[in-house]
Amino acid sequence: MISTRYRWLSVPLTVLALFLGWALGVVASPEEPKYRYVFPVQPPDVAHFAPEHHDYPATDIFAPAGALFVAPTDGVIEFISREDLWNPEADDPVTRGGLAISMVGDDGVRYYGSHLSEVDGALAAGMRVQAGQTLGRIGQSGNARSTPSHLHFGISHPTFPDDWAVRRGEVSPYPYLQAWLKGEMRAPAILSRSCAASGAEAASNCEIFGYSAQGRPLEVYRFGNGPVKIALIGAIHGGYEWNSAALMHRLMAHLVANPTLVFTRTTLYVVPLLNPDGLARSGGPDGRFNGNMVDINRNWDCLWQPRAEWKGRAVSPGARPFSEPEAQALRDFLLDGRFRAAVFYHSSGGMVTAGARCGGGDASRAFSHAIARATGYTSMRFPQSDVTGEAADWFTSQGIPAVAIELSTHVSLDWAQNLKALQAIQQVAVANSPSQPPVQEVPLIPIPGLPYPLIWRWAEGL
Ligand SMILES: [Zn+2]
């Protein structure tokens, strides 16, 4: 810690350190491409495409029927439509693509190709594919049945698979297609906007603190500079509770625009999506589980049981407590001795429960009562007894008061209520932390071009 006498030095020193870091980065490390990319239609010389698409970002890659659609990068199959269900009368946007495949690359970007005539028979959701691997054949299915055969190619961030409005395309693929044709390993801009690929985690307010079972990055975003650390965690139950991730993204956009909502004595650590594998799999009940089909919220070392339940249905709690990488990563990230609260966002139910089953419940109940007062949610004093290996219970037993907020439905953000809840959470955390450890001196550096506006649209569009 810099003493008061030399405090004036801290800003110039920080600037100098940043400049040196930048200069070293520029001089010493020629960009190693992190991921490999292949033009998605093979052979490429039969393909042609234009820079423009009609009314949203995507590219129609025209090619003779039967040309190959290949994986543009290494990744995991997210979604397959093997049947052409498009009905011109109904024109349901979900079925417009006909035979279609989407995959989530190791770069964190989703790639979507539709109007296929054929999908490779061996493919299944969750399967790993390599850059260049055949996924299907170009055709005219869906609403392309009266147009020349082409691949509709869309690039977006992953949402749950049925979210057609995002899935169809979010940034123009054109410059990347051009680059990949020339053999350049150019990553989509959606990627450089995420901390997953910025390569600048240490110098920004975004950090990767672990990886999911299927290798997707687990990201945490930091807001504020105070000594009282609070963790807000979205979508431990993945796609089934995707609105809790959407709430976290909307909250982050709001905090960027309104930094004073973070108390001077608090720092908020937002984990928007603890279960990216589940989100990639489905917006339905199967989207609850991680890449190992484990319910991450049954995997913690509080009353853990080898058989676990959810609403009377058997769910996998993992082979043992903390068998799952998402639970390990969050445990290790939060146990640094300075977190004063952890809030898990779920859906649905319109209630808040305090972690209490393994002791320490009074501290957590102070938070759940304050949240209930601020939001009107029901504060559940006696949580269900059949829940085992639960995260908020475990953190509470470790001295980090923790609660689970259940948004009122599976689609609502309960926005106004949760803004009030955020204030209540910070008030309780500060009141419980009377000591005054020195405040961190290094200023936060904003990351240019965070993905918030994009994800904001995702939240608003539903
Ligand atoms: Zn849940």
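Keep in mind the model is a prediction, meaning the values are calculated, not measured.

Reading guide: rules and limits
- Residues numbered from 1 in each chain as written.
- Predicted model: local features only at pLDDT ≥ 70, side-chain atom pairs only at ≥ 80, totals over all residues.
- Buried ≥ 20, exposed ≤ 12 C-beta atoms within 10 Å, placed from the backbone.
- Helix = DSSP H or I, 4+ residues; strand = E, 2+ residues; numbered from the N terminus.
- Pairing = 2+ DSSP bridges.
- Axes fitted to C-alpha atoms, helices over the stretch in contact; angles between N-to-C directions.
- Contact = placed C-beta atoms within 7 Å.

Draft legend 1. Just the pairing of strand β16 (residues 339-347), in detail. Taking burial as the measure, the 9 residues of β16 include 9 buried ones, the bulk of the element. Looking at chain direction, strand β12 (residues 228-234) and β16 are connected through 6 bridges and run parallel. Bridging across to β16, alanine 231 finds its partner in alanine 342. Bridge analysis of β16 against strand β19 (residues 402-407) gives 6 bridges, and the strand direction is parallel. For phenylalanine 344, the partnering residue across the bridge sits in β19 and is alanine 404.

Draft legend 2. Main features of the sheet that holds β19. Pairing in this open sheet of 8 strands is mixed, and the strands run β10-β11-β13-β12-β16-β19-β17-β18 from one edge to the other. Among the strands making up the open sheet, the edge pair consists of β10 (206-211) and β18 (378-380). Averaged over all neighbouring strand pairs, the angle between strand axes comes to 25 degrees, with direction disregarded. The sheet contacts of helix α6 (residues 242-257) involve β11 (217-224), β12, β13 (266-271), β16 and β19, and relative to β16 the element is tilted by about 130 degrees. Of the strands in this sheet, β16, β17 (351-354), β18 and β19 are in contact with helix α9 (residues 361-375), which crosses β17 at around 165 degrees.

Draft legend 3. Representation of the environment of cysteine 302 in the model. Here cysteine 302 is to be found in the loop between α7 (276-281) and β14 (308-310). Residue cysteine 302 is classed as buried on the basis of its 22 C-beta neighbours within 10 Å. Placed 91 residues apart in sequence, cysteine 302 and aspartate 393 show a C-alpha to C-alpha distance of 6.6 Å. Not counting residues within four places of it along the chain, the set of residues in contact with cysteine 302 comprises Arg357, Cys358, Gly389, Glu390, Asp393, Trp394 and Ser397.

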